[in-house]
Amino acid sequence: FRDRKLIVQIIPFENRRQILVTHDVTESERIEEMRRDFIANASHELRTPLTVIVGFLEIAASEGLDAATRSAHLKLMTEQGHRMQHLIEDMLTLSRLESVDYPLRAERVDVRRLVEQVQRDAEALSAGRHEISIAIDGPDVMGSYEELHSAFGNLASNAVRYTPAGGQIRLVWKASDAGAKFMVEDTGIGISTEHISRLTERFYRVDKSRSRETQGTGLGLAIVKHVLLRHSSTLQIKSEAGKGSTFIVCMPKTALVLPQIELQLH
Ligand code: ADP
């Protein structure tokens, strides 16, 4: 019972005998601790932008500001408001993905359309600062277009956000022995080994300030992980600090859409 937390109850029984009841509460305490951490992190993340907004509102109320300063303050407040919006949207997405009442609505996903859309979104975010290429050579899959768009889109937007201007990003969809793979390769800042296994934890970031500067909520890879779980798929991360990263989504054969056989009756 080492490393386990047990609650022991001694219940008197007839003839001066006793019954010993043990409850193993290790798992429920771990879940409770995760819930507490999540609430603490989320509150902290929301408090920071809110403090900025309230601070500027107080200045605006107490001083006669000139038009230029007022418009600069309004711009900053809008940015902070958007930050709060993104965070709340990501928190709602995560809680929906985890809910048992939210079954996966699987349909045939046109992978070419999906990956091309992910490329367009990434190009809009990059605004010409990166070279973003795609290679599509694999089967369609069964899954939720909307959820896979959010997972693949998060990986591609991370590649843009963590790759300095002038870098290259490649989006690849291809068949593999186990099924099919979606890969996002970048020539960005990379991640050192000790961080890799923790990246899909909620609010885990290698560099908080860089994540915030680029509108990160710290929940992107947690969303990716949950979407992939719902699709019986996995995420592999290969990275080297200073060189770049490759995020690989592995989808199983069971998710693939098999080619339709045309029957010709004579
Ligand atoms: P964030 O909103 O902070 O980007 P994510 O959950 O998407 O949150 O990612 C978690 C962390 O993983 C990021 O803060 C960043 O440190 C690291 N990361 C994710 N993708 C990349 C990438 N392509 N290159 C380098 N670091 C990355």
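Residues numbered from 1 in each chain as written. Predicted model: local features only at pLDDT ≥ 70, side-chain atom pairs only at ≥ 80, totals over all residues. Heavy atoms only, no water.

Student: For this particular structure, what's the right way to read the overall build of the protein chain?
Tutor: Secondary structure summary: the protein chain contains seven helices and nine strands in total. The C-alpha atoms of the protein chain give 24 Å as radius of gyration, which overshoots the globular expectation for 266 residues (18 Å, by more than 25%). By its C-alpha atoms, the protein chain is 85 × 85 × 40 Å across when sized along the principal axes. Scored against the burial criterion, the 266 residues of the protein chain give a buried share of 37%. A separation threshold of at least 6 residues defines the contact pool for the protein chain, and within that pool the share at least 24 residues apart is 67%. With the model as given, the accessible surface of the protein chain reaches about 16,800 Å², and the carbon-plus-sulfur share is 53%. (Helix = DSSP H or I, 4+ residues; strand = E, 2+ residues; numbered from the N terminus. Rg over C-alpha atoms; globule rule 2.2 N^0.38 Å. Buried < 20%, exposed > 50% of the residue type's maximum accessible area, 1.4 Å probe, protein only. Contact = heavy atoms within 4.5 Å. Areas by Shrake-Rupley, 256 points an atom, 1.4 Å probe, with all protein chains shown as cover.)

Student: Honestly, the site of the ligand in this entry has me stumped. Any pointers?
Tutor: Taken together, 21 residues surround the ligand, and among them Tyr 162, Asp 186, Ser 211, Gly 218 and Leu 221 come closest. In this structure, an oxygen atom belonging to the ligand sits 2.9 Å away from a side-chain N or O atom of Asn 158. Contacts to the ligand include Thr 217, whose backbone N or O atom sits 2.9 Å from an oxygen atom. Here the ligand loses 98% of its free accessible area of 540 Å² to cover by the protein chains. At the level of elements, α4 (145-161), α7 (220-230) and β9 (244-252) are the ones that each hand at least two residues to the shell around the ligand. Residue contributions to the shell around the ligand peak at three residues, all from α4. (Near = heavy atom within 4 Å. Polar contact = N/O pair within 3.5 Å; in protein donor to acceptor, adjacent residues only side chain to side chain.)

Student: Help me out: how do you make sense of the packing of aromatic side chains in this one?
Tutor: Think of a pair of aromatic rings as described by two things: how far the centres are apart, and how the planes are tilted against each other in angle. On inspection of all chains with the given rule, the structure shows three aromatic pairs. Residues Phe 152 and Trp 173 carry aromatic rings whose centres are separated by 6.4 Å and whose planes lie at 40° to one another, so their mutual orientation is tilted. Taken together, the residues span a long stretch of sequence, with Phe 152 in helix α4 and Trp 173 in strand β6 (residues 168-176) at a distance of 21 residues. Residue classification places Phe 152 among the buried residues on the basis of a relative accessible area of 1%. Look at Trp 173 and you get buried, because its relative accessible area is 1%. Each member of the aromatic cluster is reached from another via a ring pair, and the members are Phe 152, Trp 173 and Phe 182. Taking NZ or CZ as reference, Arg 113 lies 4.4 Å from the ring centre of Tyr 145, over its face. The side chain of Arg 202 reaches across the aromatic face of Phe 38, ending 4.8 Å from its centre. (Phe/Tyr/Trp six-rings, centres within 6.5 Å; stacked < 30°, edge-to-face > 60°. Lys NZ or Arg CZ within 6 Å of the ring centre and 35° of its normal.)

Student: Where do I start with the pattern of salt bridges in this structure?
Tutor: Pairing between side chains becomes possible if they bear opposite charge and their charged atoms approach one another. Summed over the entire model, instances satisfying the criterion amount to 15 salt bridges. Between Glu 32 and Arg 36 there is a salt bridge whose closest N-O contact spans 3.8 Å. Taken as a pair, Glu 32 and Arg 36 lie in helix α1 (residues 26-62) at a separation of four residues, close to a single helical turn. (Salt bridge = Lys/Arg side-chain N within 4 Å of Asp/Glu carboxyl O.)

Student: What exactly am I supposed to notice about the UniProt feature "domain: Histidine kinase" (unreviewed entry) in the protein chain here?
Tutor: Sites flagged by UniProt as "domain: Histidine kinase" (unreviewed entry) map to residues 41-255. Between the end C-alpha atoms of residues 41-255 there is a gap of 35 Å, over a span that is 50% helix and 21% strand. (UniProt positions renumbered as here; feature names shortened; annotations may be inferred.)

Student: Is there a simple way to think about the nonpolar core in this case?
Tutor: A general trend in soluble globular proteins is that nonpolar side chains are found buried together. By size, the foremost hydrophobic cluster in this structure holds 47 residues, and its most contacted members are Val 141, Leu 148, Phe 152, Leu 171, Trp 173, Phe 182 and Met 251. If one sorts the elements of this core by residue count, α4 sits on top with eight residues. With residues up to four places along the chain from it excluded, the contact list for Val 141 reads Glu 107, Arg 108, Val 109, Val 111, Leu 148, Trp 173, Met 251, Ala 255, Leu 256 and Val 257. (Core = buried A, V, L, I, M, F, W, Y, C linked by side-chain atoms within 4.5 Å.)

Student: Please clarify how the packing of helix α2 (residues 67-98) against α7 should be interpreted in this entry.
Tutor: If you want to describe how two helices pack, look at the angle between their axes and the distance between the axes. Here α2 crosses α7 at 25°, and the two axes come no closer than 10 Å. On the basis of their axis angle, the class for α2 and α7 is roughly parallel. Of the two elements, α2 crosses α7, and the hand of that crossing is left-handed. On the side of α2, the interface is formed by Asp 90, Thr 93, Leu 94, Leu 97 and Glu 98, while α7 contributes Ala 222, Ile 223, His 226, Val 227 and Arg 230. (Axes fitted to C-alpha atoms, helices over the stretch in contact; angles between N-to-C directions. Parallel < 35°, antiparallel > 145°, perpendicular 65-115°, else oblique. Left-handed = near helix turned anticlockwise from the far one by under 90°.)

Student: Explain the confidence of the model for the protein chain here, please?
Tutor: When pLDDT is low, close inspection of the predicted coordinates is not appropriate. When pLDDT is averaged along the protein chain, the result is 92; 97% of the residues meet or exceed 70. Taken over the whole predicted complex, pTM reads 0.87, whereas the ipTM for its chain interfaces reads 0.99. (pLDDT = per-residue confidence, 0-100.)

Student: Can you walk me through the environment of Lys 174 in this structure?
Tutor: Along the chain, the position of Lys 174 falls in strand β6. When the C-alpha atoms of Lys 174 and Glu 98 are compared, they prove to be 28 Å apart, with 76 residues separating the residues in sequence. In this structure Lys 174 touches Asp 137, Gly 138, Ala 180, Lys 181 and Met 183, once residues within four positions along its chain are discounted.

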